Amino acid sequence: MSHHNRTGQVASTEIDLALFGALGDLAQRKLFPALFQLDREGLLAGQTRLLGLARQELDLDGFTSRVEQALHTHVKAEELDREALTRFLARLDYRCLDFTTVDGYAGIRDWREAGRERPMVVYLSVAAKIYGDICRNLEISGSLDDQSRVVVEKPIGHDLASSAAINDAIGAVFPESRIYRIDHYLGKETVQNLIALRFANPLFGTQWNQNHISHVEITVAEQVGIEGRWGYFDAAGQLRDMVQNHLLQLVCLIAMDPPANLDADAIRDEKVKVLKALRPFTDDMLGRDVVRGQYIAGTIGGQAVPGYLEEEGANIESHTESFVAMKTGVENWRWAGVPFYLRTGKRMPEKLSQIIIHFRQQPHYIFDPDQRGLAANKLVIRLQPEEGIALEVLTKDSGLDKGMRLRRGPLHLDFNSAFPKSRIPDAYERLLLEVMKGQQYLFVRRDEVEHAWQWCDNLIAAWADRDEAPRRYPAGSWGPVASIAMITQDGRSWYEDY
Ligand code: BG6
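Everything in this summary refers to the structure shown in the same document. (Residues numbered from 1 in each chain as written. Predicted model: local features only at pLDDT ≥ 70, side-chain atom pairs only at ≥ 80, totals over all residues. Heavy atoms only, no water.)

So, about the sheet that holds strand β2 (residues 49-54). Reading across the sheet, the 6 strands line up as β3-β2-β1-β4-β5-β6 and stay open at both edges, with parallel pairing between neighbours. At either end of the open sheet lies a strand with only one pairing partner, and these are β3 (92-96) and β6 (179-181). Ignoring strand direction, the axes of neighbouring strands in this sheet form an average angle of 20°. Here helix α5 (residues 131-140) sits on the sheet in contact with β1 (16-20), β4 (120-124) and β5 (149-152), set at roughly 155° to β4. (Pairing = 2+ DSSP bridges. Helix = DSSP H or I, 4+ residues; strand = E, 2+ residues; numbered from the N terminus. Axes fitted to C-alpha atoms, helices over the stretch in contact; angles between N-to-C directions. Contact = heavy atoms within 4.5 Å.)

Okay, here's the thing in structure tokens:
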């Protein structure tokens, strides 16, 4: 039942949404605010209802005021208009239940009775190890029908085997066509724009290969540290938490071949081919092409912050990485010989996510020899903050005295100032809307998750064999010095126009 068309116009779709983990951090911080924004923009259709599910005993009034509180905290005051708020809160319902035993599920089935004509979306904002129990209990209790969809959050497992077990458990109840695996990076405005940029502009379409691109750089830097999530994070580390999903998804969108159309499977088939072509790490690459880091105490924005091992609840023996930099590649005709440099870390100087496409230099250079280093185009795709795309081009420096001096400057498309009226929606708004439409192209298919794990597992196993301590970097720096050396050994540097 797809409501998608090429112009992106959609008929809004009525659904019933059952949200497991409705009092959790993600629901309060992201999901309710996103649902509210959709309602405010007229995108939550007529009778759409929202059922909160959590362990805590609360009556509907208590739940409603918790959601209202969350909206006051996470939605800008000028966007919280009364009428929309009243309409939104009236959609809510709440049931307290123990997710792992089937008894309480009758409450969900009863709630559904009033909404059988619309599809139910089940959103699992809970630990992945109970996804299977929840799906099974929903089925046994008779809460589902053949329209019901399920949305699941990352991380799906901590390696290939555990992710396969979780996917099997979900798959025993829902067919793949009704499973929506979230990677919230796919809902970000600029990430979506990558598809438009690459496949709607012949200028880029023709240049997008190893003949014209020398290397690709992706930085996803975060300022935050572990944020009270030590238990989860220490068992995962930055490779599993960020690279396995978000960064590899970005690599896929940059590197994939043009899909035959915009259908979910056409796009996902191409992404899987990229994951299969990722260069595996061999032992001799470890010291040279991969750097693991862990932050020590430092300062960010003038504030002293503790090191990773001093965070609340920390295990002081931990070798878990809070930073990874790596040089990898996509081994196919389009990308042969083009390095992909990736880096991501916590407690960096600022929150910054960007992709830089470095084009090759002109085959023959005729300008000032001192300016030779300038002479290449770069496409800068900024995910956050200040979403936008800039193409660095060279022009003549103006003025009679400048001769043929070159100047580097951006052709700039800053989404905020170029389209000032349009609020840039949060990733979750777009993703929730796509689930309601029954449109899967922004969600991750099972084989994508598994190929991504396979590639990461290989690296994790190699690390485990060596059991080396990660390199230290002070909080507020751009990572271990070795991550700079990793790229300078190739005669390049991380893009530094921040
Ligand atoms: C999540 C990770 O998936 O992404 C977090 O688990 C991380 O550790 C977050 O902080 C980053 O998301 P964003 O949208 O702030 O870049």
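Turning our eyes to something else, we now look at empty space enclosed by the protein. Counted according to the given criterion, the structure contains 2 cavities of 30 Å³ or more. As a volume, the largest cavity reaches approximately 150 Å³. Lining the largest cavity are 15 residues, with D183, Q244, N245, V444 and V449 positioned closest to its centre. Of all elements in the fold, only α10 (238-255) and α15 (446-466) reach the threshold of two or more residues within the lining of the largest cavity. Classifying every residue of the lining of the largest cavity gives 8 nonpolar, 3 polar and 4 charged. Put simply, the second largest cavity is a space of about 50 Å³. L186, V191, Q192, I195, L253, I267, K271, Y441 and L442 together form the lining of the second largest cavity. Among the secondary structure elements, those contributing two or more residues to the lining of the second largest cavity are α7 (189-200) and α11 (264-277). It is α7 that provides the largest number of residues to the lining of the second largest cavity, a total of 3 residues. Partitioning the lining of the second largest cavity into residue classes produces 7 nonpolar, 1 polar and 1 charged. (1 Å grid on protein atoms, 1.4 Å probe; cavity = no way out; pocket = protein on both sides within 12 Å on 5 of 7 lines; lining within 4 Å. Points joined across faces, edges and corners; volume = space filled by probe spheres on them. Nonpolar A, V, L, I, M, F, W, Y, C, P; charged D, E, K, R; others polar.)

Here the focus is α11. With 14 residues, α11 extends 20 Å between its outermost C-alpha atoms, agreeing within 8% with the 20 Å of an ideal straight helix rising 1.5 Å per residue. Most of α11 is tucked away, with 10 of its 14 residues classed as buried. Within α11 the residues assigned to the buried category are A264, A266, I267, R268, E270, K271, V272, V274, L275 and A277. The secondary structure elements touched by the buried residues of α11 are α10 and α15. (Expected span 1.5 Å × (residues − 1). Buried < 20%, exposed > 50% of the residue type's maximum accessible area, 1.4 Å probe, protein only.)

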